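Topology and contacts: notes
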Amino acid sequence: MKTNSKIPEELLYKIWEEKRIDSSLTTADGISIEILDFGVRNNDEAGPDYRHARIKIGNITFTGDVEIDTLHSDWKAHGHNLNQRYNKVILHAVLSNDSSYPFVVTQSGRKVPTLSLEGYLSSSIKQNLQQDFKAIQSEDEIKMPCSQLNHNIDRREKLSYIKSLGLLRFRKKCEKNIERLKELVLLNEMHIKEPKVFHDFHKEISERELTQKDFERLEFWQQLYYEQLFEALGYSKNKDIMLKLSKTVDIKFFKSVAQLNKEKIESILFHVSGMFPDVVDIPNEETSEYMRNSLDLWTSVKNNYDSGVLNKNDWNFFKLRPQNFPTIRIAAGARLLEKIIIHEQFIRMINIFKQHSDINKLITKLRNEIIIKGEGYWAGHYNFNKETKTKLNYFIGLGRADEIVINIILPIYSVYFEIHGNKDMSQKVLDLFLNYYQKEGNHLVDQVNDTLGLRNEKFRSVYYQGMIDLFRNYCIKNKCTECEIGKQVFN
């Protein structure tokens, strides 16, 4: 089967649950296997695929978990070897063993035997597996209820509606920024530190009249910017825990650290995240030196740190590409924090908006503020003591930089200039949003664009954002009669 690396694990779950494998099984190193109970499917977001399995391996019967992967190497690629949730795994079942090792190793150091399913599938099952895979590929498209019907609607009408949705999405981001700024002001006044104390601010916010003077403090804007950057860097799997990290170790603490630099910022983030390993003396000298230096930096500041440390098990490595591991995202975040705190990036970007009237130059300047080139230890590692096959050229590339400019920087500065009474600059930010062209596409936006019969409008941010809003708030919710396109198609 030449497409093993692309076979979705869902198809392997189907084979496992339907027991469509031969009964005479052996581990990768030839020890007999008898599956007494295939276990119960784990539907949680993280953790082994099957719980409570009973499997006889050799002469010993084990009760525990089963993890199913497409390839043997997925065990490390998905970070299972670092996750305590996988310490009860008794069998690692894979479609194909692409390693010379007949076992994998858990976080606790225990060896788990590998079962390669490929050798125990009949030719008909292998054929069905390929057919199922092709069917999934053909179905992996965005479904819009009006996909076969909207072609009669004038293209300009579609674009006008999508533009209005894009503007609405932008305004919602601005409103969210204002609410968070109010919270930051009140947190500061009431000397409440997040996330130790959870407080309902709705009543206080509604009753308190805030003025421009309340928002003068630069630290509030930097904290808002920092939180949104980290949430964005977490992508879908780790956005909540990244946001929590930015609130746990806040801008105020970083500013209190003497002789702050990039290395100290990175060390603080990794230690507060809970991901920093307990053991620093390991055979690999590069990793050992990095960890010793990081530990020394943390030791120099930790006595002044009075907030909590996050749980390392809350970080998700499951089904992530190594370059999107939270370790790499934190390394990227540390370098952005260096810009924010040490190099006054927030002030610098105010000046960028004021000094550049040419849209293309302005866009280039903003992108360059966010793009982070790969360097240092994390350019060659995706986890502690886990080297990348090739060096990372960028921690944050052009496509992700565009997303951050559009979704974070423009809404924040629109609010900043509005609150400070500079309506011309606020309008300039909005005009930039309306005329910003992104360099890279998005699968969802590509599909919506094609379904609506549009051209390259998808690269213009206001339409890009409008298409996302259209699909998420109307199409998948079947609110066709509330959609201006749907009203014409279905009435």
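Please read these numbers as outputs of a predicted model, since none were measured by experiment.

**Considering the overall build of the protein**
- Secondary structure summary: the protein contains 18 helices and twelve strands in total.
- Against the globule reference of 23 Å for 491 residues, the protein gives a C-alpha radius of gyration of 26 Å, in line with a compact fold.
- Principal-axis analysis of the C-alpha atoms places the extent of the protein at approximately 75 × 65 × 45 Å.
- Out of the 491 residues in the protein, the part that is buried amounts to 51%.
- Sequence-distant contacts, at least 24 apart, represent 66% of the contacts inside the protein between residues at least 6 apart.
- Summed over its atoms, the accessible surface of the protein is roughly 23900 Å², and 47% of this surface lies on carbon and sulfur atoms.
- If the 70 positive side-chain charges of the protein are averaged to one point and the 67 negative ones to another, these points end up 2 Å apart.

**Quick notes on the packing of helix α9 (residues 262-273) against helix α11 (residues 326-341)**
- At their nearest, the axes of α9 and α11 sit 9 Å apart, and the two run at 140 degrees to each other. What the angle tells us is that α9 and α11 run oblique. Between α9 and α11 the crossing geometry is right-handed. Contact residues: α9 offers Lys262, Ile265, Glu266, Leu269, Phe270 and Ser273, while α11 offers Thr327, Ile330, Ala331, Ala334, Arg335, Leu337 and Glu338.
- For the contact of α9 with α11, the class distribution of residues is seven nonpolar, two polar and four charged.

**Regarding unusual backbone geometry**
- Of note in this structure, His52 is not a glycine but carries a positive phi near 60 degrees.
- Along the polypeptide, His52 turns up in strand β4 (residues 50-57).
- A residue is classified by how much of its surface remains accessible, and His52, at 58% relative accessible area, is exposed.
- The backbone phi angle of Glu344 is positive, close to 50 degrees, even though this residue is not glycine.
- Mapping Glu344 onto the fold places it in the loop between α11 and α12 (345-355).

**Some remarks on the packing of aromatic side chains**
- All chains considered together, the criterion is met by 32 aromatic pairs.
- Relative to Trp378, the ring of Phe270 has its centre 5.1 Å away and its plane inclined at 25 degrees; by these criteria the two rings are stacked. Taken together, the residues span a long stretch of sequence, with Phe270 in helix α9 and Trp378 in the loop between β9 (372-373) and β10 (381-383) at a distance of 108 residues.
- Looking at Phe270, the relative accessible area reads 0%, which means it is buried.
- Residue class for Trp378 comes out buried when judged on its relative accessible area of 0%.
- Between Phe317 and Phe325, the aromatic rings sit 4.9 Å apart at their centres with planes inclined by 85 degrees, giving edge-to-face as the arrangement. Just as Phe317 is buried, Phe325 falls in that class too.
- Cluster of aromatic residues (ring-pair linked, three or more members): Trp221, Tyr225, Phe346, Phe353, Tyr413, Tyr416 and Phe417.

**Here we look at the pattern of salt bridges**
- Within this structure, the stated rule accounts for 17 salt bridges.
- Close ionic contact of Arg217 with Glu219 constitutes a salt bridge, the shortest N to O distance being 3.6 Å.
- The class for Arg217 is partly exposed, based on a relative accessible area of 34%.
- Classification of Glu219 by relative accessible area gives buried; the value is 16%.
- Salt-bridge contacts for Arg292 lead to Glu285; the nearest nitrogen and oxygen are separated by 3.1 Å.
- Under the relative-accessibility criterion, Glu285 is labelled partly exposed at 48%.
- Among the charged side chains, a salt-bridge network with shared partners connects Lys262, Glu266, Arg335 and Glu375.

**Observations concerning the nonpolar core**
- By size, the foremost hydrophobic cluster in this structure holds 113 residues, and its most contacted members are Leu269 and Phe353.
- Among the elements that line this core, the one with the most residues is helix α14 (residues 398-419), at 13 residues.
- Discounting chain neighbours no more than four positions away, the residues touching Leu269 are Tyr226, Phe230, Leu245, Val249, Phe254, Ile330, Ala334 and Leu337.

**Some remarks on the environment of Leu12**
- Looking at where Leu12 falls in the secondary structure, it is placed in helix α1 (residues 9-17).
- Once the C-alpha coordinates of Leu12 and Tyr394 are considered, the two residues, 382 residues apart in sequence, prove to be 34 Å apart.

**Regarding empty space enclosed by the protein**
- In total, this model carries two cavities of 30 Å³ or more according to the counting rule given.
- In this structure, the largest cavity encloses a volume near 80 Å³.
- Taken together, Met144, Pro145, Cys146, Leu452, Leu470, Tyr474, Cys475, Cys480, Cys483, Ile485, Gly486 and Phe490 make up the full set of residues lining the largest cavity.
- Every element with two or more residues in the lining of the largest cavity is listed here: α17 (461-475) and α18 (484-490).
- Of the residues belonging to the lining of the largest cavity, the class tally is eleven nonpolar, one polar and no charged.

**Description of the pairing of β4**
- Of the strand pairs in this sheet, strand β2 (residues 32-37) and β4 are connected by four bridges, and their pairing is antiparallel. Bridging from a neighbouring strand, Ile35 pairs with Ile55 of β4.
- Here two bridges tie strand β3 (residues 40-41) to β4, and the two strands are oriented antiparallel to one another. Paired with Val40 across the bridge in β4 is Arg51.

**Focus on the state of the cysteines**
- Scanning all chains against the criterion turns up zero disulfides.
- Looking at the unpaired Cys483, the closest cysteine sulfur is the one in Cys475, lying at 6.4 Å.

**Observations concerning the confidence of the model for the protein**
- For the protein, per-residue confidence averages 89 on the pLDDT scale, and residues scoring 70 or more make up 92% of the total.
- Here residues 1-5 is modelled with pLDDT under 50, and outside its nearest four sequence neighbours on either side it reaches 13 contacts, counting other chains as well.
- Across residues 195-199 the pLDDT falls below 50, and counting only partners more than four positions away or on other chains, this stretch makes nine contacts in the model.

**Considering the pairing of strand β8 (residues 111-116)**
- Pairing between strand β6 (residues 89-96) and β8: three bridges, direction parallel. If you follow His92 over to β8, its bridge partner there is Thr114.
- Between strand β7 (residues 103-105) and β8, which pair antiparallel and follow one another directly, the connecting turn spans five residues, one of which, Gly109, has a positive phi of 95 degrees.

The rules behind each value
Residues numbered from 1 in each chain as written. Predicted model: local features only at pLDDT ≥ 70, side-chain atom pairs only at ≥ 80, totals over all residues. Heavy atoms only, no water. Helix = DSSP H or I, 4+ residues; strand = E, 2+ residues; numbered from the N terminus. Rg over C-alpha atoms; globule rule 2.2 N^0.38 Å. Buried < 20%, exposed > 50% of the residue type's maximum accessible area, 1.4 Å probe, protein only. Contact = heavy atoms within 4.5 Å. Areas by Shrake-Rupley, 256 points an atom, 1.4 Å probe, with all protein chains shown as cover. Lys, Arg positive; Asp, Glu negative; His and termini not counted. Charge placed at Lys NZ, Arg CZ, Asp CG, Glu CD. Axes fitted to C-alpha atoms, helices over the stretch in contact; angles between N-to-C directions. Parallel < 35°, antiparallel > 145°, perpendicular 65-115°, else oblique. Left-handed = near helix turned anticlockwise from the far one by under 90°. Nonpolar A, V, L, I, M, F, W, Y, C, P; charged D, E, K, R; others polar. Phe/Tyr/Trp six-rings, centres within 6.5 Å; stacked < 30°, edge-to-face > 60°. Salt bridge = Lys/Arg side-chain N within 4 Å of Asp/Glu carboxyl O. Core = buried A, V, L, I, M, F, W, Y, C linked by side-chain atoms within 4.5 Å. 1 Å grid on protein atoms, 1.4 Å probe; cavity = no way out; pocket = protein on both sides within 12 Å on 5 of 7 lines; lining within 4 Å. Points joined across faces, edges and corners; volume = space filled by probe spheres on them. Pairing = 2+ DSSP bridges. Disulfide = S-S within 2.5 Å. pLDDT = per-residue confidence, 0-100.

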